[in-house]
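Inside the fold
This is what each chain is made of:
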Amino acid sequence: MIEAIDKELSIFESMGARFDIAARKLNLDPGLEKYLRTPNREIIVHIPVTMDNGRLEVFDGFRVQHSIARGPCKGGVRFGSQVTLDEIRGLAAEMTWKCAVVNIPFGGAKGGVACDVPNLSPGELERITRRYTAEILDYIGPERDVPAPDMNTNEQTMAWIMDTYSMHVRHTTTAVVTGKPIDLGGSKGRREATGRGCMMTCDEALKRFGREKQSTRVIVQGFGNVGSQAARLMHESGYKIIGVADIAGGVFNPHGLDIPALLEYANKNHSVQGFSGGESITNGDILEQDCDVLLPAATESVINSKNADRIKARILVEGANSPTTPPADQILFDRGVFVIPDILANAGGVTVSYFEWVQDREGYFWTEQVVNERLHAIMVSAFEQVAAYGEKYNVNNRIAAYMLAIDRVAFSLKLRGIYA
Ligand code: GLU
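Below is a short write-up of the structure. (Residues numbered from 1 in each chain as written. Predicted model: local features only at pLDDT ≥ 70, side-chain atom pairs only at ≥ 80, totals over all residues. Heavy atoms only, no water.)

Some points on the overall build of the chain
To be explicit about the condition: Under the DSSP-based scheme used, a helix requires at least four consecutive residues in state H or I and a strand at least two consecutive residues in state E, with every element numbered from the N terminus. The reference for a compact globule is 2.2 Å times residues^0.38; the radius of gyration itself is calculated from the C-alpha atoms. Classification of residues uses two cut-offs on accessible area relative to the type maximum, computed with a 1.4 Å probe and protein chains only: under 20% is buried, over 50% is exposed, and between them is partly exposed. In what follows, residue pairs with any heavy atoms lying within 4.5 Å of each other are defined as contacts.
The helix and strand tally for the chain stands at 13 helices and 12 strands. The C-alpha atoms of the chain give 20 Å as radius of gyration, which agrees with the globular expectation for 420 residues (22 Å, within 12%). When the backbone C-alpha atoms are referred to their principal axes, the chain occupies close to 55 × 55 × 45 Å. Here the chain, with 420 residues, has 59% of them falling under the buried criterion. When contacts within the chain are restricted to residue pairs at least 6 apart in sequence, those whose partners lie at least 24 apart make up 69%.

What follows is the structure, given as structure tokens:
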């Protein structure tokens with residue numbers, strides 16, 4: 001289990017703390033600052049669901065639409081017992097900044113349902129998903145708000161959302177969600193996109209430092225979609241993966257792990273814990289092992305004021321959303337860790353979601369090679385633009401990414417004006 005996580009600030013507070021620094025540096029107009037900090041719309045729904053045992057349960061669901069300044073809202077839906085409105089509110093704002101960093105024509109949103117996923121049957125999950133969709137139906141749509149997978153949701157969840165929406169509007173509307181199965185209008189390369197984007201930004205960092213992949217030791221925390229794909233792709237491209245952990249535990253081998261064998265093991269056992277190719281280690285301890293690149297791809301606040309001074313990596317690639325707290329930001333910065341912030345590092349997912357939405361609307365699908373080439377062009381350009389902001393304003397990468405994003409959203413708002 002992850003050891004006591006020092007939450008320090010909620011995700012919304014963390015977002016606000018970083019936003020404030022960036023807004024001050026940009027000399028943002030105070031009115032605009034207030035507007036950009038506040039979500040456009042917050043939807044709370046209470047979802048009645050008949051459970052397998054015949055009992056009626058009611059779950060809380062949320063969809064927060066932070067900004068429509070640059071286009072329809074975009075962002076995932078997460079399920080989990082810890083889901084709260086405040087968390088979703090913070091993540092929705094982060095989606096606005098993420099879409100702006102990679103310069104795709106979307107605003108930001110996030111959704112969630114508070115439910116105890118491991119104790120739900122597939123049928124119960126389907127009924128929760130469909131009723132949640134029905135409750136937020138008036139607020140989503142290809143031109144309004146386009147959900148996607150996030151923690152504890154996947155391609156199947158998106159298929160249910162797409163089907164429920166389509167039944168209501170009386171025609172199949174694939175572009176209402178992204179991250180769908182390929183046979184239902186999903187995009188090639190979407191499943192790998194977040195992990196691939198993490199690798200692409202890491203590649204750029206390595207170029208800056210004149211480092212070779214072969215001698216770069218990587219630790220990955222989290223082995224869900226993002227962590228497992230990042231580990232696989234980075235291994236295939238020549239990086240040396242020396243440690244991997246998921247919520248149950250992990251495995252560490254300074255000489256390098258056999259990633260194909262580990263992937264097979266994790267597939268069978270639903271965890272990397274117990275894999276024999278290295279020594280076992282906890283999900284918390286793995287963060288503090290000696291390595292060159294640390295890639296947290298599990299959950300929020302895992303790097304905080306309690307452990308930031310023990311992080312040995314030189315490069316931090318934030319595969320998860322908000323894995324580092326603001327107090328830890330400062331500690332890492334003071335210690336010279338090169339941080340590739342979440343809104344840049346993990347933006348490959350939403351970038352290929354954008355490609356999926358474009359393909360669905362065109363009804364014409366691209367090859368995986370085209371998807372990956374276009375993803376690469378966007379990730380490299382975003383990395384360079386964040387670095388340029390960092391140099392121009394003499395700020396760390398996280399604040400630079402926020403500044404780039406806020407600048408773009410503020411410019412769109414100025415052009416649009418305030419409707420009264
Ligand atoms: N949930 C992912 C994220 O946090 C993907 C969002 C999307 O594709 O819309 O970036």
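Next, the rest of the story.
Quick notes on the pairing of strand β1 (residues 41-50)
Going by this rule: Any two strands with at least two DSSP-identified bridges between them are counted as paired.
Alignment of β1 against strand β2 (residues 56-67), held across 10 bridges, turns out to be antiparallel. The residue bridging T50 from the neighbouring strand is L56, located in β2. Linking β1 to β2, which pair antiparallel, is a turn of five residues; within it G54 sits at a positive phi near 90°.

Here's the deal with the environment of D86
Considering the arrangement of structural elements, one finds D86 in helix α3 (residues 85-101). Sequence separation between D86 and N267 is 181 residues; the distance between their C-alpha atoms is 34 Å.

A short note on the sheet that holds strand β10 (residues 293-296)
Within a sheet, each strand pairs with its neighbour through backbone hydrogen bonds, oriented either parallel or antiparallel. Basically, it comes down to this: Each axis is a line fitted through C-alpha atoms, and for a helix only the stretch in contact is used; angles between axes span 0 to 180 degrees, taken between their N-to-C directions.
An order of β9-β8-β7-β6-β10-β11-β12 is seen for the seven strands of this open sheet, with the pairing classed as mixed. Strands at the two margins of the open sheet, each flanked by one partner only, are β9 (279-281) and β12 (338-340). With direction set aside, neighbouring strand axes in the sheet form an average angle of 20°. Bridge analysis of strand β8 (residues 249-252) against β9 gives three bridges, and the strand direction is antiparallel. Counterpart to G250 in the pairing with β9 is I281.

Structural notes on the site of the ligand
For the record, the criterion: Distances are taken per atom, and a residue is near a molecule or strand as soon as one of its heavy atoms is within 4 Å of it. Throughout this description, a polar contact denotes any pair of N or O atoms lying within 3.5 Å of each other; where both atoms belong to protein, one of them has to be capable of donating a hydrogen while the other can accept it, and for residues adjacent in sequence the pair is counted only when both atoms sit in side chains. All accessible-area figures derive from a Shrake-Rupley calculation using a 1.4 Å probe, and residue coverage is judged against the displayed protein chains alone.
In the vicinity of the ligand, 14 residues are found, and the nearest of them are K74, K98, P149, D150 and S353. Take K98: an N or O atom from its side chain is 2.7 Å from an oxygen atom of the ligand. For the ligand, an oxygen atom lies 3.1 Å from a polar atom in the side chain of R190. Protein contact buries 94% of the 300 Å² of open area that the ligand shows by itself.

Topic: the pattern of salt bridges
The cut-off we apply is this: By definition, a salt bridge exists where a carboxyl oxygen of Asp or Glu is found within 4 Å of a side-chain nitrogen of Lys or Arg.
Inspection of the entire model under this criterion finds 30 salt bridges. As a salt-bridge pair, K268 and E264 come within 3.8 Å of each other at their nearest N and O atoms. Highlighted residues: K268 and E264, both in helix α8 (residues 259-269), separated by four residues, approximately one helical turn. E264 matches K268 in its accessibility class, with the two residues each being exposed. Three or more residues are tied together by salt bridges with common partners; here these are R18, E318, D329, D342 and R398.

With respect to the nonpolar core
Test applied: Buried Ala, Val, Leu, Ile, Met, Phe, Trp, Tyr and Cys residues that are joined via side-chain atoms within 4.5 Å together make up what is termed a nonpolar core.
Judged by nonpolar contacts, the single largest core of 82 residues is most densely connected at L36 and W97. Looking at this core, the element that brings in the most residues is helix α13 (residues 397-416), giving 11 residues. Setting aside anything within four residues of it in sequence, one finds L36 in contact with F19, L28, H66, W97, I406, V409, A410 and L413. Core analysis: the next-biggest nonpolar cluster, separate from the first, contains 25 residues, L120, L125, W160 and I161 among them.

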